[in-house]
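Here are the chains, one letter per residue:
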Amino acid sequence: MEIVFWGSRGSVPVCGPEYARYGGETTCVEVRNSSGGRIILDAGTGIRRLGTLLLQEESAQADIFFTHTHWDHIMGLPFFQPLYQPGFSINLYGQPRLQGDIHKLVFKELFRPPHFPVQYSRVMSDVNYQEFQGRLEVQGFCLETISLSHPNLGQGFRISSSGRTFVFLTDNELGHFHRGRASFEEYVRFARDADLLVHDSEFTPAEYRKKKGWGHSTCMQAMELAAASRVKRLGLFHHNQDRNDEGVDLMVQQCVEEITGKQLALECFGVFQGQAVRL
Ligand SMILES: [Zn+2]
Ligand SMILES: [Zn+2]
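Computed from a prediction, not measured in an experiment: that's the story for all the values here.

(A) Up close: the overall build of the chain. The helix and strand tally for the chain stands at six helices and 14 strands. In terms of overall dimensions, the chain is globule-like: its C-alpha atoms have a radius of gyration of 18 Å, near the 19 Å expected for 279 residues. For the chain, the spread of C-alpha atoms along the three principal axes comes to 55 × 40 × 35 Å. The proportion of buried residues among the 279 residues of the chain is 46%.

Here it is, written out as structure tokens:
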């Protein structure tokens, strides 16, 4: 399995020399397997470049799974070029009931003047919507979901293929009880023994004291979940828009010191835009 991170920034895209290494595009993750299968997680601004690649590769299908529909996870959709490509098939998978039909309620809203000049009728690809919660096999992957702890809800994914497992939990506040969330023990079970856990790490513990209830975790909370789940690697994700490269480095360093102190067999890194991780 190979995972490519097209965006790892949270809340709003940023740019500037201070963000050069971790990048400024918002959430979009591509997951490929050895049998040629490919799925996409979220459509933040990072999906724009991925769309260009799909057209270069002459792909004809994209399966996009949404964690939730906050702006930073959908704002790249109107700039996803395969949408305008006749014969291209785009399958959208969203959490049922809680957020409505992504196709009707969100997707078409994005293409509505005066917010965007292109009418939805200009979308020439074949767009399908499917509700998904629970377990699904698609493109050679097995996907399972868990409810996130986040305002307006959302879901995380456990993705397995050929004996490797990747768990993706972004926009997940472990330290606060949001409606519909799972318990800490359920998150531990969900991530158990994964080869890679990528988790929301928006805040430092000091920042979190003023941001409790905002829907995001600290790097230490992510590390505690990774340790309790006995995952092999932890990727810190959803970097705060005000955190420069040195700030992310510092966060990773704090986690590594804690891991070393506790003598855990856990590797920790900050997820950067353009990073490819092979499991
Ligand atoms: Zn977000
Ligand atoms: Zn969110």
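Let's pick the thread back up.
(B) Inspection of the packing of helix 3 (residues 184-191) against helix 5 (residues 219-229) at higher detail. It is the contact of helix 3 with helix 5, at a shortest axis distance of 8 Å, that shows an interaxial angle of 60°. Judged by the angle between their axes, helix 3 and helix 5 are oblique. Note that helix 3 runs across helix 5; the crossing there is right-handed. On the side of helix 3, the interface is formed by Tyr187, Val188 and Ala191, while helix 5 contributes Leu225, Ala228 and Ser229. Split into classes, the residues belonging to the contact of helix 3 with helix 5 amount to five nonpolar, one polar and no charged.

(C) Structural detail: the sheet that holds strand 9 (residues 155-161). The seven strands lie next to each other as 7-8-9-10-11-12-13, forming an open sheet whose pairing is mixed. Lying at the two open borders of the sheet, with one neighbouring strand each, are strand 7 (135-138) and strand 13 (267-270). Strand-to-strand twist of the sheet, defined as the mean angle between neighbouring strand axes without regard to direction, takes the value 20°. Seen against the sheet, helix 3 touches strand 8 (141-147), strand 9, strand 10 (164-169) and strand 11 (196-200) and runs at an angle of roughly 170° to strand 8.

(D) Examining the nonpolar core more closely. Residues Ile64, Phe166, Leu197 and Leu234 are the most contacted members of the largest nonpolar core, which totals 66 residues. Here the element with the most residues in this core is helix 5; it accounts for five residues. Ignoring sequence-local partners within four residues, the contact set of Leu197 consists of Val167, Ala191, Ala226, Ser229, Val231 and Leu234.

(E) Geometry of unusual backbone geometry. In the segment running from Pro113 into Pro114, the intervening peptide bond is cis, with an omega of 10°. Its location among the elements puts Pro114 in the loop between helix 2 (102-110) and strand 6 (126-131). The phi dihedral of Glu58 falls on the positive side, at around 55°, and the residue is not glycine. Note on placement: Glu58 falls in the loop between helix 1 (47-56) and strand 4 (61-65). Using a count of 6 C-beta atoms within 10 Å as the deciding quantity, one classes Glu58 as exposed. Even without glycine at this site, Asp171 takes up a positive phi of about 55°. Of note, Asp171 is situated in the loop between strand 10 and helix 3. Note on Asp171: 29 C-beta atoms within 10 Å, which makes it buried.

(F) Just the sheet that holds strand 6, in detail. Here we have seven strands laid out as an open sheet, ordered 6-5-4-3-2-1-14, and mixed in their pairing. The open sheet has two edge strands, strand 6 and strand 14 (276-278), and neither has a second partner. Each neighbouring strand pair of the sheet contributes to a mean axis angle of 20°, computed without reference to strand direction. Both strand 4 and strand 5 (residues 89-94) contribute to a ladder of five bridges, which runs parallel. If you follow Ile64 over to strand 5, its bridge partner there is Leu92.

(G) The arrangement of the pairing of strand 10 in detail. With five of six residues buried, strand 10 is to be regarded as a mostly interior element. Two elements, strand 9 and strand 10, share five bridges in a ladder whose sense is antiparallel. Each bridged residue has a counterpart across the sheet, and for Ser161 the counterpart in strand 10 is Arg164. Between strand 9 and strand 10, which pair antiparallel in sequence order, lie two residues; one of them, Ser162, sits at a positive phi of approximately 50°. As judged from the four bridges shared by strand 10 and strand 11, these two strands associate in the parallel manner. The partner of Leu169 across the bridge, within strand 11, is His199. Handedness of the crossover joining strand 10 and strand 11 through helix 3 is recorded here as right-handed.

What counts and what doesn't
Residues numbered from 1 in each chain as written. Chains lettered and ligands numbered in written order. Predicted model: local features only at pLDDT ≥ 70, side-chain atom pairs only at ≥ 80, totals over all residues. Helix = DSSP H or I, 4+ residues; strand = E, 2+ residues; numbered from the N terminus. Rg over C-alpha atoms; globule rule 2.2 N^0.38 Å. Buried ≥ 20, exposed ≤ 12 C-beta atoms within 10 Å, placed from the backbone. Axes fitted to C-alpha atoms, helices over the stretch in contact; angles between N-to-C directions. Parallel < 35°, antiparallel > 145°, perpendicular 65-115°, else oblique. Left-handed = near helix turned anticlockwise from the far one by under 90°. Contact = placed C-beta atoms within 7 Å. Nonpolar A, V, L, I, M, F, W, Y, C, P; charged D, E, K, R; others polar. Pairing = 2+ DSSP bridges. Core = buried A, V, L, I, M, F, W, Y, C linked by C-beta atoms within 7 Å. Right-handed = clockwise from strand over helix to strand, strands pointing away.

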